[in-house]
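# Examination of the molecular architecture
The residues making up each chain are set out below.
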Amino acid sequence: MKPTDTSNPDYYHKVVDCQWACPAHTDVPEYIRLIAQGRFGDAYMKNRESNVFPGILGRVCDRPCEPACRRGRIEEKPVAICRLKRVAADHREDISHRLPVAPASSNGKKIALIGAGCASLTVANDLCPLGYEVTIFEALDTTGGLMRTNIPRFRLPPEVLDEEIGYITGMGVDLKLNHPIESLRDLLDSGEFDAIFVGTGAPRGKNLEIPGRYESDNIHIGIDWLESVAFEHIESVGERVLIIGVGNTAMDCCRTSLRIGAKDVKVMARKPRGFFKASAWELEDAEEEQVEIIVNHSPKAFVVEDGKLTGMRFDVLEYQIDDQGNIDRGTVVDEVTIPCDDVILAIGQDNAFPWIERDIGIGFDEWECPVVDKKTMMSAREGVFFGGDAAFGPLNIIWAVAHGHEAALSIHSYCHDKDINERMPVGMNLSSQKMGMHEWSFSNKYDGSSRRLMPHVDLRKRFKNLDIEVELGFTVEQTITEVERCLNCDIQTVFTAELCIECDACIDICPVNCLTMTANGDEADLRSRLSAPAENLEQALYVSAALPQTGRVMVKDEDLCVHCSLCAERCPTGAWDMQKSTILLPYASDENFTAVTKKSSAA
Amino acid sequence: MSYTGKPKIAHPGLPRNQLGLTARDYEGAVSTLCAGCGHDSVTAAIVQAVFELNIEPHMLAKMSGIGCSSKTPAYFVSQSHGFNSVHGRMPSVTTGANAANRQLTYIGVSGDGDSLSIGVGQFVHAIRRNLNMCYIIENNGVYGLTKGQFSASADIGSKPKKGQPNQQEPIDAVSTALSLGATYIARSFSGDKEQLVPLIQGALRHNGFALIDIVSPCVTFNDHEGSTKSYAHTREFYHQVVDMDYVQPAAEIKAAYAKGEVMPIELHNGSKIVLRKIDESYDPTSRAKAFKYLREHFNAGEIVTGLLYLDETRAEMHDLMGNIDTPLAHLPLSGLHPGAAELKRILKSFA
C-alpha cells in the first residue's frame with residue numbers, strides 16, 4: 001500500500017466515527033470533553049455550530065452517531081452521545097450573548113423559506129447573521145414543523161422547541177404564520193426574493209387501501225392524527241387501539257394513545273423483529289409502557305359492523321431468513337381477526353407538492369420527489385433550493401439540518417453570482433496533546449464502565465397527561481461516568497516514520513493489538529498479516545512510509561484503537577504522538593465575498 | 001513508565017490456546033523500564049512463546065537476579081511462580097528450586113551485568129550441571145540501572161555516551177557456554193520476534209540448559225552512533241545463520257524443505273525443532289566447528305544469530321543424579337524423612 005495521506009482531512013475525520021456518521025458532522029468528542037469539564041455552555045455552543053438544535057436533538061435525534069461509535073465495537077454499547085447532548089442543553093448557563101446576531105444593515109438580499117421546520121430554520125440560522133432578509137412562510141399557526149406536530153410533547157416539550165427556534169427567529173426573521181404558499185409560480189413571479197428554499201417536509205402519510213378503509217371514522221393516518229392530538233383537535237381514543245407499522249411514527253402513535261384513553265395498544269408488524277424500522281431505543285420505551293408488538297401480521301381488511309369499526313383482519317405470515325440475513329416475502333399460514341376500537345396507520349410518509357406547478361422548471365421524479373442536487377441542494381430551476389424531507393423524502397431532523405447548512409452555502413454563493421458547485425474545502429487542524437512525560441491534555445485512561453441508562457418518570461405517573469416528559473435527563477453521577485466512556489477518537493495517533501527506531505515498544509503495549517511492523521503489501525495481504533485479525537473492512541489501515549532501519553512499514557488497523565495513548569507514552573523517540581484533529585467544516589459565514597453584485601430575483 | 005496502566009480490554013478476535021487463554025492472559029504488570037527498552041520486546045516474546053506452548057501459568061517459574069533485565073519477570077505471566085534473587089545468584093537459586101520441583105518449567109531472565117560480571121561463577125556452574133532451564137541474557141553492553149557504565153559484554157571500540165571507548169576484551173556468553181558444554185545455545189535480537197519466539201519455545205522445551213543471548217539495546221545509555229549494541233548497529237551487522245521453527249508435539253511439519261537443507265530434531269517431549277541453514281557452511285551440531293565459525297565472524301564484527309548449537313543427547317542434572325520425578329512438596333513425610341534407621345543403613349553402605 002502507498003503511505004496513508006493523513007493530510008487529507010477525511011482520513012482522520014473517518015477515525016472519529018461518530019462525527020463522520022453525523023450528517024451535520026457534530027464534533028462529538030470535543031463537546032463530551034467540555035461536559036466533562038463542567039463547561040456546559042461551551043458544549044452547547046459547540047453543538048449548536050453544527051446541529052443548531054442541541055436541546056431538541058438531545059432528546060429526539062435519530063442518533064446515527066451511536067451505532068457508529070467505536071465503543072460499540074470494543075464492548076456492547078456505544079457512548080450515550082445523544083443523552084450527553086441533552087446534558088449540555090439542560091445545564092448550560094445563559095448563552096444568549098453568544099448567539100449569532102443579524103448585522104445592523106441588510107445586505108440587500110431577500111430569501112424566502114417555505115415551511116418553518118428544522119431545514120428552513122437552519123438556513124435562516126446561517127444566513128441572518130450575514131445580513132440576509134429572511135422571510136419564513138408557514139401554513140400552520142406555529143413554528144417547528146414536524147418537530148412540533150409529530151413528536152409528542154412527552155418526548156419533546158414545547159418550551160425546548162420555542163427556545164431554540166426563538167434563537168433563530170429572534171434574528172429578525174420575518175415569520176409569516178398561517179401563510180401557506182398556494183403557488184410557487186406566484187411566489188417566483190412576485191420577484192420579491194433573490195432565492196427560495198423549500199423545507200416543507202414530507203407531509204402526506206401513506207394510506208392503506210384495503211376493504212373497509214372508508215367505512216369508519218376510527219381509522220386514522222398516523223402523522224395527521226399526531227398533529228391533531230398536538231393541536232388538541234383530538235383529545236381521546238378508544239380503549240383498544242391497533243397501530244399498523246413499526247417505525248418511529250408508530251412508536252409515537254402507540255405511546256400517545258396510552259395517554260389519551262387507550263388501555264390496550266398493539267403495534268402490528270408485518271415482519272419479525274430485527275426488520276423493524278423503529279430505532280431500538282424507541283421500541284424499548286414503547287415496550288416499557290406495555291405496548292404489545294405483534295409480529296408477522298399483514299393487514300387484510302377492516303372489520304366494520306353497522307358502521308362501527310370492531311376489528312381488523314390479518315394474514316399471519318411465516319418467513320425464511322437466509323444466512324446473509326435476507327428475508328423472503330413470507331407465506332401466509334393463517335388468518336386472524338383482532339378486535340379494536342381505533343386503527344392508526346403509521347406505514348410511512350410521502351412527499352407532496354400540490355402547490356408547485358409542474359411547468360416552472362422544477363423536475364420531479366417518479367416518486368413525486370423534486371430532482372435536487374445532493375451537494376448544492378438546488379433544484380433544476382436556478383435559485384430554488386430544497387432541503388429536509390422535502391428534498392429526498394423522509395429522513396430525520398439531523399439530515400434536515402445538514403441540508404440546511406449546505407443550502408445556505410449555495411444560496412450565499414448564488415446571491416453573489418458565484419458558482420455554487422465550487423464548495424469550500426473541509427479543513428483540519430492537528431495539535432499535539434502532550435503535556436509532559438506521561439501527561440496528556442485529555443483523559444486517556446480507559447474507563448470500563450458500562451453505558452448509563454436514562455432515568456424515566458415512574459410508570460404509574462407518566463400517563464396522566466401528554467405534557468409529562470418521560471425522560472428525566474442524566475444525573476450528575478451518570479454524566480460523570482458516561483463522559484469517561486468516550487474514547488476521544490479525535491485525539492489521533494500521529495506517526496512520523498523517520499523517527500522510528502523499530503524497537504517494538506508501541507506494538508508490545510497496545511491493548512487491542514492494532515499495530516504491526518511488517519513488510520509492505522497490498523491491503524488484502526497486509527490485513528492477513530497483522531497482530532490481530534483486521535476484518536472490519538470499513539475501517540482503514542494506516543500505512544507509514546518505509547521505516548529507516550529495515551524498510552518495513554508501520555501498519556495500524558484503526559478499527560479498535562481506544563486512543564489510550566500508550567503507544568505514544570512507550571515511544572522513546574516521539575515517533576508516535578497524540579494529536580487532536582479538529583475538522584473545520586465550511587459554513588456560509590466562512591465565505592468572504594467582497595464584491596456584492598445585484599442579482600435579479602430567482603430567475 | 002506509564003501511569004495509566006494497560007486497559008483490561010482486548011481485541012475480540014484474539015486467538016486462544018488449548019487452555020482457552022489469549023496472549024493477554026499471559027501478561028504481567030506494565031513495564032517500568034525506559035520507553036523503547038529492548039527488554040520489553042523480549043518480555044513480549046516470552047509472553048507469545050509461553051502462550052503458544054499452552055503452558056499453564058502455575059507450571060512456570062520465573063527467576064531473576066538484579067538489574068533492568070531482572071525486573072522484567074514482573075511484566076509477564078503474573079500468575080506464575082517467581083523469585084527475584086540476589087545479584088548474580090539467579091542460577092544457584094534456580095538450581096535449588098529445580099532440585100525441589102523438576103515438574104515446573106524454569107525461565108531465568110538475567111543481564112550481561114548479572115550473568116557475566118557478579119554472577120559469572122553461578123552462570124558457568126549452572127551450565128556445567130546442565131540444569132534444565134531456559135536462561136535468557138538481555139545483553140545491552142552497559143549497566144543501565146546505574147547510568148550506563150560499560151559491562152563485561154561491551155565490545156572493544158564501542159563508544160559510550162560520554163567518555164572513552166571500551167578497550168577491554170568482552171566476555172561472549174555464547175562462546176563461554178559453548179566451551180562449557182551447554183546443550184542449547186542461541187543468539188538473537190530483541191527487535192526480531194520472528195526469530196526470538198521459536199528460540200524461546202525451543203529453549204523452554206529443551207531438556208537441559210538452554211541459553212539465549214539476546215542483544216537488547218539500552219535505549220537510554222547505549223543506542224547512539226558508535227555503540228555496538230544499538231538498534232541500528234545490530235540491524236546493520238545482523239547475520240542469521242540458522243533459521244529455526246518450533247513444532248508442537250502433535251503438529252506435523254508442513255513446510256516442504258529441500259533435502260539436505262532441513263534438519264528436524266526431536267525433543268524430549270515429542271515436539272520438534274526444525275533447523276534450516278541459511279549459511280550452508282554452518283554446523284549447529286559440532287562444538288568445534290561452531291566455535292571456529294563464531295570466532296571468525298566475531299572478528300569481522302558480525303553478530304551471528306540463530307540456534308547456534310544443539311545437543312539433545314546429554315542428560316540434565318536430575319537424570320545424572322537419578323532423582324525421582326515427584327516434586328519434594330508432593331512426597332509423603334516418610335519419603336522426605338526416611339528416619340534414623342534408613343540413615344544408619346546409608347552410612348553403613350560407606351563403611
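Residues numbered from 1 in each chain as written. Chains lettered and ligands numbered in written order. Predicted model: local features only at pLDDT ≥ 70, side-chain atom pairs only at ≥ 80, totals over all residues.

### A few points about the overall build of chain A
Across its full length, chain A holds 21 helices and 23 strands. Expected size for 603 residues packed as a compact globule is a radius of gyration near 25 Å; at 27 Å, chain A falls within 12% of this value. The contacts of chain A with a sequence gap of at least 6 include a subset with a gap of at least 24, amounting to 73%. (Helix = DSSP H or I, 4+ residues; strand = E, 2+ residues; numbered from the N terminus. Rg over C-alpha atoms; globule rule 2.2 N^0.38 Å. Contact = placed C-beta atoms within 7 Å.)

### Considerations on the overall build of chain B
A tally of helices and strands in chain B yields 12 helices and 12 strands. For a compact globule of 351 residues, the expected C-alpha radius of gyration is about 20 Å, and chain B comes in at 21 Å, within 12% of that figure. For chain B, the spread of C-alpha atoms along the principal axes amounts to about 70 × 50 × 50 Å. Looking at chain B as a whole, 46% of its 351 residues are labelled buried. (Buried ≥ 20, exposed ≤ 12 C-beta atoms within 10 Å, placed from the backbone.)

### Some words on the domain arrangement of chain A
All names here are of chain A. Each assigned domain of chain A is listed with its residue range as follows: domain 1 (9-96 + 447-485), domain 2 (111-203 + 351-415), domain 3 (205-347) and domain 4 (491-584). Its C-alpha centre places domain 1 at a distance of 30 Å from the equivalent point of domain 4. Of all the elements in the fold, those that place two or more residues in the side of domain 1 that touches domain 4 are α1 (9-15) and α7 (71-74). Sort the elements by how many residues they give to the side of domain 1 that touches domain 4 and α1 lands first, with six residues. The residue inventory of the side of domain 1 that touches domain 4, partitioned by class, reads five nonpolar, three polar and three charged. (Domains from an automatic or database assignment. Nonpolar A, V, L, I, M, F, W, Y, C, P; charged D, E, K, R; others polar.)

### Some remarks on the nonpolar core
The biggest cluster of nonpolar side chains holds 141 residues, and the ones touching the most others in it are Ile-35, Ile-111, Ala-124, Leu-127, Phe-197, Ile-397 and Ile-411 of chain A. Ranked by residue count, the leading element in this core is helix α17 (residues 397-415) of chain A, at 12 residues. Beyond its immediate sequence surroundings of up to four residues, Ile-111 of chain A is in contact with Leu-127, Tyr-132, Val-134, Phe-193, Asp-194, Ala-195, Phe-197 and Ile-411 of chain A. Core analysis: the second largest hydrophobic core is formed by 68 residues, Phe-76, Tyr-106, Phe-189 and Val-304 of chain B among them. (Core = buried A, V, L, I, M, F, W, Y, C linked by C-beta atoms within 7 Å.)

### Overview of the interface of chain A and chain B
Of the residues lining the interface, 29 residues belong to chain A; the matching set on chain B comes to 24 residues. At the level of secondary structure, the elements contributing two or more residues to the side of chain A that touches chain B comprise α19 (505-509) and α21 (566-570) of chain A. Broken down by class, the residue content of the side of chain A that touches chain B amounts to 16 nonpolar, six polar and seven charged.

### Regarding the sheet that holds strand β21 (residues 541-543) of chain A
All names here are of chain A. Read across the open sheet, the three strands follow the order β20-β22-β21; overall the sheet is antiparallel. Each edge of the open sheet carries a strand with a single partner, namely β20 (515-518) and β21. Mean inter-strand twist for the sheet, computed between neighbouring axes without regard to direction, equals 20 degrees. Looking at chain direction, β21 and strand β22 (residues 553-557) are connected through three bridges and run antiparallel. Residue Val-543 lies in a different strand from β22, and its bridge partner there is Val-555. (Pairing = 2+ DSSP bridges. Axes fitted to C-alpha atoms, helices over the stretch in contact; angles between N-to-C directions.)

### Side note on unusual backbone geometry
Excluding glycine, residues mostly carry a negative phi; peptide bonds, for their part, are mostly trans. All names here are of chain A. Backbone geometry places His-25, a non-glycine residue, at a positive phi of 55 degrees. Topologically, His-25 is positioned in the loop between α2 (17-21) and α3 (28-36). Residue His-25 is classed as buried on the basis of its C-beta count, with 21 C-beta atoms lying within 10 Å. Positioned with a positive phi, His-563 is a non-glycine residue whose angle comes to about 55 degrees. Looking at the secondary structure, you find His-563 in the loop between β22 and α21. On the basis of neighbour counts, which here come to 22 C-beta atoms within 10 Å, the residue His-563 falls in the buried class.

### Some remarks on helix α9 (residues 287-299) of chain B
Residue pairs three or four apart in sequence face the same way in an α-helix, which turns once every 3.6 residues. In a regular helix each residue adds 1.5 Å, so 13 residues correspond to 18 Å; α9 of chain B covers 18 Å between its end C-alpha atoms and thus fits that length. Immediately beyond the C-terminal end of α9 of chain B, within one or two residues, lies Gly-301 of chain B, with a positive phi of roughly 80 degrees. (Expected span 1.5 Å × (residues − 1).)

### Observations regarding the environment of Ile-127 of chain B
All names here are of chain B. Mapping Ile-127 onto the fold places it in helix α5 (residues 120-129). Under the C-beta neighbour-count criterion, Ile-127 is labelled buried, with 24 such atoms within 10 Å. Along the chain, Ile-127 and Gly-270 lie 143 residues apart, while their C-alpha atoms are 24 Å from each other. Contact partners of Ile-127, with chain neighbours within four places excluded, come to Ala-177, Leu-180, Gly-181, Ala-182 and Phe-209.

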